[in-house]
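Coordinate inspection notes
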Amino acid sequence: MALRIHIILKENAIKLHCYENDSIILEHTDILSDIPKSFYGFFDFFYDDKLVVRTTNTKYDCTFIFDVDGVMTDGSLFIGDDGQEYKMFNTQDGLGMRLLKKSGVKLAIITGRNSNSVLIRAENLEVDYFYQGISDKKEAFADLVQKAGLKPEECAFMGDDIVDLPPMLQSGLAITVPAGHDEVKKIAHFVTEKIAGY
């Protein structure tokens, strides 16, 4: 079976076309607001024994920033008798992040908690910018933008809680999850259909 996925992000809309052996099996469009032109592009994902990712953009300068708890996980915390904290991550999320990175998008994590498991996950995914134990995500976002040499609107931020509002408001693309705080949903350009961590 040969799968091909086309993703088009342009003019306030994201379009997804999924083909199986050149026959379209899924077509979906969502309307977004205020998408900066730096995010416009066409992405080609192929799966047939090996994975290949292409993008029409020759210079794709942007960074996708993720919160962790409630975004990369379902928000649950597992704490052992020894006080060690454990988190559960989804392999499909990891594949999605790797696809973003292969397409030229830099990856970042800004999280409020300190966790060795998150550090290991970030290293496995080759995250470009990593911030944890952050009480003020606005400051971390400003530091990231400066280090990456980007404008705030050239970043996408995916968060779910009140502390994520400052960077989400400054980002060109703000994304949240179904269980996100109501105030976060109000300002998000896009709310995912699937719950966090799945």
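Predicted model, so just to flag it, every value in this text is computed and none were measured. (Residues numbered from 1 in each chain as written. Predicted model: local features only at pLDDT ≥ 70, side-chain atom pairs only at ≥ 80, totals over all residues. Heavy atoms only, no water.)

The strand order 10-9-6-11-12-13 describes an open sheet built from 6 strands, whose pairing is parallel. The open sheet terminates on both sides in strands that have one partner only, identified here as strand 10 (129-131) and strand 13 (190-191). Inspection of the sheet shows strand 9 (residues 106-110) paired to strand 10 by 3 bridges, in the parallel sense. Pairing of Ala108 across the sheet is with Tyr129, part of strand 10. (Pairing = 2+ DSSP bridges. Helix = DSSP H or I, 4+ residues; strand = E, 2+ residues; numbered from the N terminus.)

A word on the side chain of Ser117. Counting through the fold element by element, Ser117 comes out in helix 2 (residues 116-124). Note on Ser117: relative accessible area 19%, which makes it buried. At a separation of 2.7 Å, a polar atom in the side chain of Ser117 contacts the side chain of Ser115. Not counting residues up to four positions away in its chain, the partners in contact with Ser117 are Glu85, Lys87 and Phe89. (Buried < 20%, exposed > 50% of the residue type's maximum accessible area, 1.4 Å probe, protein only. Polar contact = N/O pair within 3.5 Å; in protein donor to acceptor, adjacent residues only side chain to side chain. Contact = heavy atoms within 4.5 Å.)

Look at helix 3 (residues 137-148): 16 Å from first C-alpha to last across 12 residues, which is about the 16 Å you get at 1.5 Å a residue. Three or more residues of helix 3 are buried, namely Lys137, Ala140, Phe141, Leu144, Val145 and Ala148. The arc that holds every buried residue of helix 3, seen down its axis, measures 135°, which confines them to one face. In helix 3, the exposed residues that point more than 90 degrees away from the buried face are Glu139, Gln146 and Lys147. (Expected span 1.5 Å × (residues − 1). Arc of directions from axis to C-beta.)

This part takes up the packing of aromatic side chains. If you walk through the whole model with that rule in mind, you get 1 aromatic pair. When the ring of Phe64 is compared with that of Phe66, the centres are 4.5 Å apart and the planes differ by 15°; the resulting orientation is stacked. Of the two residues, Phe64 and Phe66, both sit in the buried class. (Phe/Tyr/Trp six-rings, centres within 6.5 Å; stacked < 30°, edge-to-face > 60°.)

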